[in-house]
Amino acid sequence: MKSLCIIACGKKKIWDENPEKGPVKAENLYTGSFTRKCMQYAKKADFGSWCILSAKYGFLFPDEVVQGQYSECFHNKTSNPITLENLFLQIKSKELDKYEKITILGGNYYTHMMKKLFSEKEVLNPLNGCKGIGHMMKKLNSLINTASL
């Protein structure tokens, strides 16, 4: 069964620490500990592929290049995040609909969004039920320790 892991984007980006840094690959863009831990799990687990859900760019595969700083946020609609309509279009154009199972790493907001976007697919969130970032990090560490290479 083909599966896709989708990681919720984070606020902290490489340009916060290094404003002179030019364009970067998506896998090097987000520097927050939660996003980095999610990527560590996605790389170790047995997913067919993984990507990051960016509030500006939508679905970003690890090798896709982002040009510079941005501040769009899904939780702040006035920041003009990417729309569900545009995400639906990306699902088709990036062939994300070929995956049978979708695993989202993020909070409940992202789970609900993925269930709307991938309504015909099995959508899982191993972090479901975690209360807060500390519990999510602990769960991710457990998942990493038990994931097969």
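That block above? That's the structure.
Novice: How should the overall build of the protein be read in this particular structure?
Specialist: Per the secondary structure count, the protein includes six helices and seven strands. Secondary structure elements of the protein occur, N-terminal to C-terminal, as β-α-β-α-α-β-β-β-α-β-α-β-α. Relative to the globule expectation of 15 Å for 149 residues, the C-alpha radius of gyration of the protein, 15 Å, shows essentially globular dimensions. Over its C-alpha atoms, taken along the principal directions, the protein stretches across nearly 40 × 35 × 30 Å. A buried classification covers 47% of the 149 residues belonging to the protein. Put simply, 61% of the contacts in the protein that link residues at least 6 apart link residues at least 24 apart. Accessible surface, the protein as shown: approximately 8100 Å² in total, 49% of it carbon and sulfur. A gap of 7 Å separates the mean positions of the 22 positive and 14 negative side-chain charges of the protein.

Novice: Explain the packing of aromatic side chains to me, please; I cannot follow it from the model alone.
Specialist: Two aromatic rings are characterised by how far apart their centres lie and by the angle between their planes. The final tally for this structure, using the stated rule, is six aromatic pairs. Look at Y41 and F47: their rings are 5.7 Å apart centre to centre, the planes differ by 90 degrees, and that puts the pair in the edge-to-face class. Their ring planes at 40 degrees and their centres at 6.4 Å tell us that F74 and Y109 sit as a pair that is tilted. Here Y109 lies in helix α5 (residues 108-117) and F74 lies in the loop between β5 (65-66) and α4 (84-93), a separation of 35 residues in the sequence. By relative accessible area, which is 31% here, Y109 ends up partly exposed. Taken together, F74, Y109 and Y110 form an aromatic cluster joined through their ring pairs. Residue placement shows K13 over the ring face of Y70; its charged tip is 4.5 Å from the ring centre.

Novice: How do you make sense of the pattern of salt bridges when you look at a structure like this?
Specialist: Oppositely charged side chains can form a pair if their charged atoms are brought close together. Enumeration over the complete set of coordinates arrives at five salt bridges. Across the pair E27 and K43 runs a salt bridge, and its minimum N-O distance is 3.3 Å. Placement of the pair is E27 in helix α2 (residues 26-29) and K43 in helix α3 (residues 33-44), with a sequence separation of 16 residues. The exposure class assigned to E27 is buried, which follows from its relative accessible area of 19%. A salt bridge links K56 to E72, with the nearest nitrogen and oxygen atoms 3.8 Å apart. With K56 in the loop between β3 (49-54) and β4 (58-60) and E72 in the loop between β5 and α4, this pair connects stretches of sequence that are 16 residues apart. K56 gets classed as partly exposed once you look at its relative accessible area, which sits at 36%.

Novice: Any chance you could explain the packing of α4 against α5 here in plain terms?
Specialist: Two packed helices can be described by the angle between their axes and the distance between those axes. Where α4 contacts α5, the two axes come as close as 10 Å, and the packing angle between them is 60 degrees. Classified by the angle between their axes, α4 and α5 sit oblique to one another. Crossing handedness for the pair α4 and α5: right-handed. Only M113, K116 and L117 of α5 make contact with α4, whose side of the interface consists of L84, L87, F88 and I91. For the contact of α4 with α5, a count of residues per class yields six nonpolar, no polar and one charged.

Novice: Would you explain the sheet that holds strand β1 (residues 3-8) in this entry?
Specialist: Pairing between the strands of a sheet comes from backbone hydrogen bonds, and it takes one of two forms, parallel or antiparallel. Taken in spatial order, the five strands make up an open sheet running β4-β3-β1-β6-β7, and their pairing is mixed. One side of each edge strand has no neighbouring strand; the edge strands of this open sheet are β4 and β7 (122-124). Taking each pair of neighbouring strands and ignoring which way they run, the sheet shows an average axis angle of 30 degrees. Alignment of β1 against β3, held across five bridges, turns out to be parallel. Its bridge partner lying in β3, I7 is registered against I52.

Parameters and conventions
Residues numbered from 1 in each chain as written. Predicted model: local features only at pLDDT ≥ 70, side-chain atom pairs only at ≥ 80, totals over all residues. Heavy atoms only, no water. Helix = DSSP H or I, 4+ residues; strand = E, 2+ residues; numbered from the N terminus. Rg over C-alpha atoms; globule rule 2.2 N^0.38 Å. Buried < 20%, exposed > 50% of the residue type's maximum accessible area, 1.4 Å probe, protein only. Contact = heavy atoms within 4.5 Å. Areas by Shrake-Rupley, 256 points an atom, 1.4 Å probe, with all protein chains shown as cover. Lys, Arg positive; Asp, Glu negative; His and termini not counted. Charge placed at Lys NZ, Arg CZ, Asp CG, Glu CD. Phe/Tyr/Trp six-rings, centres within 6.5 Å; stacked < 30°, edge-to-face > 60°. Lys NZ or Arg CZ within 6 Å of the ring centre and 35° of its normal. Salt bridge = Lys/Arg side-chain N within 4 Å of Asp/Glu carboxyl O. Axes fitted to C-alpha atoms, helices over the stretch in contact; angles between N-to-C directions. Parallel < 35°, antiparallel > 145°, perpendicular 65-115°, else oblique. Left-handed = near helix turned anticlockwise from the far one by under 90°. Nonpolar A, V, L, I, M, F, W, Y, C, P; charged D, E, K, R; others polar. Pairing = 2+ DSSP bridges.

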